[in-house]
Each structure stands twice: as structure tokens, then as C-alpha cells.
Amino acid sequence: MSSRVLTDFDLLLPGSLEEALEILDRERGAVTVLSGGTDLLVMMKAGFEADKVMSLALLGDLNRLEFDSATGLRIGARTTLAQLVDSPEVRQHYPALWQSARIFATPQLRNTATVVGNLLRGSPAGDCSAAVAALGGTLVMATAGGGRREIDIDDLWVSYGVTARADNELAVELRLPAPDSGTASAFKRLTRVNEDLAKLNVAVCLQMDGDTCKSARFAMGCVAPTMIRLPAAEAIVQGAKVDDETLARAAEAVQQDISPIDDKRSTAEYRRSVAGVYLKRAVQQACGFA
Amino acid sequence: MSKHMITLNVNGEDHDIVVASNKTLLEVLREQLNMPDTKYGCGTGECGACSVLLEDNSAINSCLTLAATMDGKKITTASGLEKGDKLHPVQQAFIDHAAVQCGFCTPGMVVKSVSLLAKNPRPTEQEIREGLEGSICRCTGYVKIVNAVEAASKAMAGTAG
Ligand SMILES: Cc1cc2nc3c(=O)[nH]c(=O)nc-3n(C[C@H](O)[C@H](O)[C@H](O)COP(=O)(O)OP(=O)(O)OC[C@H]3O[C@@H](n4cnc5c(N)ncnc54)[C@H](O)[C@@H]3O)c2cc1C
Ligand code: FES
Ligand code: FES
């Protein structure tokens, strides 16, 4: 058909979570996890070699999406971007996440691509990765024999494409904290057409008390080897009245947080010149004075 | 390489087949089942030519789906949309509105349009354009495709119930 074919590999299709965890335990690093496949199969078609692939396709009970106003949102490992877009609760309580899902890839990719797969791809461009980094949360890892470990989203991305996941671990669930009445969040992305990856993306989550920001989490993508938080910009907004002056200072402070490079989607120079503007607009969007 | 025995229902017909682990649903449809109506464009999820429908009318890219993971699934391809010798309203609208030029994108476009209308029977022009994102047409400039989907939406509303 074309050069974009998949070379041979063994495919394992466990029928239960326990079976999947036993395979990971036995094979250690020798097996690659396949979820929606929208990253992995593309990489394999481009030459990434995997001798053994374990598909999560039969683990149907991992696709939950449950919101509880006291405990927050639980997103199963197999939950797709389409499920997020269709959820009125995600739309209402986690605007940043919903907005990142709505513009994500294409309708048919959203039907298979998973939120958790986006996090574990470890790409600095991941759109729901940006939203989750701003909202905060933990990724629940499971191991054979009932082992569970929670990785804070702030500790997940180690370097480009590398995460804190151990070989024998399967991510089973993503947990996001419950918002309160002062929580405001938003996501923005700069790209050519929706189906392209971002030139730059940004997500913000602020805890507001009137027009004063009690605390803030900002995340930006495509400006460092991993998705990053923006501590210098966060420090300016925290404890301050969110007005034009604060936002102008935060937009300037972003320059200290980022280290963009030139690549095929954009240049370092361009990213530097839009980073502050996009941060400002995301905060304005979150706080409703866009 | 591992082989997998699967039962795949395509357009209402069961096929018991053995598929190799590295074969995509698209390859199995075209090469193993000799059903070339679903097209190969890019192979990497970008063009939408390979779109097929799942049972709930959601569309997926068959080029990024391993056939071995589809055991027991029911799918519909473009050629499975017609009822008897009557074309699906979306297919008829594509013909009536000249939304087909070279035709290569058409099976995927039609499948995506059916999927869109199943979720949103009366889409606005903007919603049609968003619903068809990820389906690339190099000929028509999209205007006639959008017109065809609008017409199909009206035709289907008229026949509903
Ligand atoms: C045409 C196209 C457009 C795209 N557009 C966008 C876009 O707009 N924005 C964006 O952010 N991304 C985009 N992507 C990238 C991709 O769709 C996303 O990153 C997607 O969320 C990946 O999820 P998946 O389930 O398909 O992951 P997979 O490809 O199955 O897996 C991705 C990685 O995560 C690991 N993994 C997955 N699940 C688990 C688990 N439960 N436990 C342990 N490891 C796991 C896999 O081993 C692999 O390394 C696009 C891709 C394509 C092909
Ligand atoms: S061939 Fe599948 S999207 Fe292009
Ligand atoms: S009609 Fe030729 S690509 Fe669409």
C-alpha cells in the first residue's frame, strides 16, 4: 500500500485488568501499551519498533467518566476525547479541559484517542495535557497483585517523551480535584488548522476571591522539552487583583519560564512573542472578561 | 507475529477471518475482504478517507485501528449505507449537489456526514464544517459538500418518523 505499513509484532489482548498487569509484570519493558493508538500506531508506521504490543481494547470497564461535586472528576484510562466533549459536567466544571477536548484533532480521532494516552505520550504539545497540568490532579498507576501508586501531574513528565511511569505500571485512572465556586479555568491554542498539533498552547486555573486571585496554576506547551508550569507568571498573579496591569506583568514574566526552540510548526522567536499574549488571553477568558 | 481469529460484521454480514497482528482494519477490508470502497489516503489519521462507522454511528479511522482488536464488532462502510437499491439520503445528496469530483474522498466524506447527522440531525453550516474536520477533499473546495449535507439533513427530516 505504501511505506507506511506496520512491521511485524506480537499483539497481546488481555481480557481483564489483572491479566494486563500480569503481562506487564512478566514482560517488564519488553511490551508496549496500546490504547487508542493514535500516537503509537503513527509512530510505529514511522519506524518506531515494538516487538510486543499489549492492546487495552478489551478492557471496557476502564472508560468511565464520573463527576462528584465533593471528590472531583475520575477519568478512566480508556475514556476518549469524544466522551469529554459530550459531558455537560466537564463543560461546566472543567472549562479548560472541555475546551482542549473540543478543538482536539478531528471528530473521528476523538472517538479513539484517550485523555490518559495524551498524558503518557509525554509530548510538550499535548492539548489535554496542558489542561490537566493547569487543573492539577493525579494519575493512578496499577501493578500486579493490587499495587496502586498516584503520580502527581506535576511529577509526570520527566523529559521529552519520557514519563515517571515504571515499566510494570498501567495507568488506570486520572483524578482531577473538585472545583469550588471561585475556580476559573480556560485553555487556548495557537495552530494552523485544528488537526495540526499546537504551535503553542496554554491552560490556566485560578482560585478567585472576587477579583483577587488566591492561587493560580498556569501551564504552557511547545515552549520547553515537556509541558511546563509557569512559576514566575503564577507568582505575579497570586495574591493580586487580576487587572490589566497584573496581566501585563505576568505576560512579561512568562519569558523567564519558557525556553522555546524552532521546529517545523513554529519558531522560537514567534513563540516568545505570542506566549505572554496567549497567557493574558487565557486568564481573561477564564475570568470572564475576555 | 501473532495471528488472531476474529468475527467482523461488515455491512450486516459476518466474516470469520484470521488476521495478522500488524494488519489495520483498512488493510483487512481492502485486501483480505476485497472491499475497496474504503480508501487509503495517508495512513496516519489525517485525511479521513478511511473512515468507517461503528455500531453507534461514530466514525473511526480504519488506518489507525488494528483489525485484531475488532473481534465481534459491527462496522458500516460507505457501500453499506444504501438500503436495497435505494441510496442513503446523504449519498443521493452528494450526487444531486455535485459534491463529488475525483471521488477519492467521497466514501469517507459520506461516512463522516452520516455520523454527523446521526448526532446532530439539523446542523448549522458551521457545525457541518466542524463535523467534517479531518476529512480532506482536494477537489471540491468543500462548498458543494456542505450544501449536500444541508440538503441531506432536510431530506432526512422529511422522511423521519
Ligand atoms: C491526525 C492527528 C491529529 C492529532 N491531533 C492532536 C491534537 O490536536 N492535540 C493533541 O494533543 N494530540 C493530537 N494528536 C495526538 C494523539 O491523538 C493524542 O496524543 C492522543 O490523546 C493519544 O491517545 P491514544 O489513546 O491514542 O494513545 P496511544 O497512541 O495508544 O498511546 C500513547 C502513549 O501512551 C502510552 N499509554 C497509553 N495508555 C496507557 C496506559 N493506560 N498506561 C500506560 N501507558 C499508556 C502508550 O504506551 C504510548 O506510549 C493527534 C494525532 C493524530 C494522528
Ligand atoms: S488513510 Fe486513514 S486518515 Fe488518511
Ligand atoms: S472529490 Fe476529489 S478529493 Fe474530494
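Cut-offs applied
Residues numbered from 1 in each chain as written. Chains lettered and ligands numbered in written order. Predicted model: local features only at pLDDT ≥ 70, side-chain atom pairs only at ≥ 80, totals over all residues. Heavy atoms only, no water. Near = heavy atom within 4 Å. Polar contact = N/O pair within 3.5 Å; in protein donor to acceptor, adjacent residues only side chain to side chain. Areas by Shrake-Rupley, 256 points an atom, 1.4 Å probe, with all protein chains shown as cover. Helix = DSSP H or I, 4+ residues; strand = E, 2+ residues; numbered from the N terminus. Buried < 20%, exposed > 50% of the residue type's maximum accessible area, 1.4 Å probe, protein only. Salt bridge = Lys/Arg side-chain N within 4 Å of Asp/Glu carboxyl O. Domains from an automatic or database assignment. Contact = heavy atoms within 4.5 Å. Buried area = accessible area lost by both parts, 1.4 Å probe. Nonpolar A, V, L, I, M, F, W, Y, C, P; charged D, E, K, R; others polar.

## Description of the site of ligand 1
Contacts to ligand 1 come from 32 residues, most closely from A:V33, A:T38, A:D39, A:L40 and A:T114. What surrounds ligand 1 is not a single chain but chains A and B. Between ligand 1 and A:T38 there is a distance of 2.6 Å, counted from an oxygen atom to a side-chain nitrogen or oxygen. Between A:A105 and ligand 1, the recorded distance is 2.9 Å, taken from a backbone N or O atom to an oxygen atom. Taking 990 Å² as the accessible area of ligand 1 by itself, protein coverage stands at 93%. For the shell around ligand 1, the elements supplying multiple residues, two or more each, are β2 (31-34), α2 (40-45), α7 (115-121) and β10 (170-176) of chain A.

## Points about helix α1 (residues 25-32) of chain B
For α1(B), the complete set of buried residues consists of B:L25, B:L26, B:E27, B:V28 and B:L29. Immediately beyond the C-terminal end of α1(B), within one or two residues, lies B:N34, with a positive phi of roughly 50 degrees.

## Quick look at the pattern of salt bridges
All names here are of chain A. For the structure on display, the rule yields 19 salt bridges over all chains. A salt bridge links R175 to E150, with the shortest nitrogen-to-oxygen separation between them at 3.0 Å. Separated by 25 residues along the polypeptide, R175 in strand β10 and E150 in strand β7 (residues 147-152) bring together distant segments of the chain. On the basis of relative accessible area, R175 is assigned to the partly exposed category, the value being 34%. What makes E150 partly exposed here is its relative accessible area of 46%. In this structure, R271 engages D263 in a salt bridge whose closest nitrogen and oxygen atoms are separated by 3.2 Å.

## Some words on the domain arrangement of chain A
Residues and elements named next belong to chain A. In terms of domains, chain A is made up of domain 1 (10-54), domain 2 (61-176) and domain 3 (183-286). Across the contact, 16 residues belong to domain 1 and 20 residues belong to domain 2. For the pair domain 1 and domain 2, the summed buried area comes to about 1300 Å², and 63% of that belongs to carbon and sulfur atoms. Interface area lost by domain 1 to domain 2 is led by L17, L21 and T38, which between them contribute 34%. Close ionic contact of R121 with D39 constitutes a salt bridge, the shortest N to O distance being 4.0 Å. The interface formed by domain 1 and domain 2 includes one residue pair in polar contact (both at pLDDT 80 or more). No other element matches the seven residues that helix α1 (residues 17-27) contributes to the side of domain 1 that touches domain 2. Tallied by class, the residues present in the side of domain 1 that touches domain 2 amount to seven nonpolar, four polar and five charged.

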